[in-house]
Amino acid sequence: MMADRKKEAREKFLLGGLVFKAGLTKTDRAFLLGGLIELAGVVPGSPEHRRLRDIGAQAFRAPSPKRLSSPIAEPRE
């Protein structure tokens, strides 16, 4: 049980790192979730999937995030 929790925590940490790497740490969470839901619908192996994967692979090779914040900010209340 403890090993499962540790594995899940590590996975969440790594996923958060992807948000940072993409420069989306200041992005509205609903916008970010909507984008992820759209990505979930991309057919694996499709041209769009390959295009996005290539962009991601290139970003992993980059030494640091291109942006530290997104131009899309949290909505003001």
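Residues numbered from 1 in each chain as written. Predicted model: local features only at pLDDT ≥ 70, side-chain atom pairs only at ≥ 80, totals over all residues. Heavy atoms only, no water.

On to the pattern of salt bridges. Within this structure, the stated rule accounts for two salt bridges. When the shortest N-O distance is used, the salt bridge between Lys 12 and Glu 8 registers 3.1 Å. Taken together, the residues span about one helical turn, with Lys 12 and Glu 8 both in helix α1 (residues 2-21) at a distance of four residues. A residue is classified by how much of its surface remains accessible, and Glu 8, at 43% relative accessible area, is partly exposed. Where Glu 48 meets Arg 51, a salt bridge forms, and the shortest distance between an N and an O atom there is 2.9 Å. Here Glu 48 pairs with Arg 51, and both are found in helix α3 (residues 47-61), just three residues apart, close to one helical turn. The class for Arg 51 is partly exposed, based on a relative accessible area of 42%. (Salt bridge = Lys/Arg side-chain N within 4 Å of Asp/Glu carboxyl O. Helix = DSSP H or I, 4+ residues; strand = E, 2+ residues; numbered from the N terminus. Buried < 20%, exposed > 50% of the residue type's maximum accessible area, 1.4 Å probe, protein only.)

Taking 1.5 Å as the rise per residue, helix α2 (residues 29-40) with 12 residues should run 16 Å; its terminal C-alpha atoms sit 16 Å apart, in good agreement. Sparse coverage of α2 is indicated by the burial of one of its 12 residues. (Expected span 1.5 Å × (residues − 1).)

The pLDDT averaged across the protein chain works out to 85; a share of 82% of its residues lies at or above 70. Across the protein chain, α2 holds the top mean pLDDT of 96, while α1 sits lowest at 93. Low pLDDT (under 50) marks residues 68-77, which in the prediction has 19 contacts with non-local residues, meaning those over four places away or in another chain. (pLDDT = per-residue confidence, 0-100. Contact = heavy atoms within 4.5 Å.)

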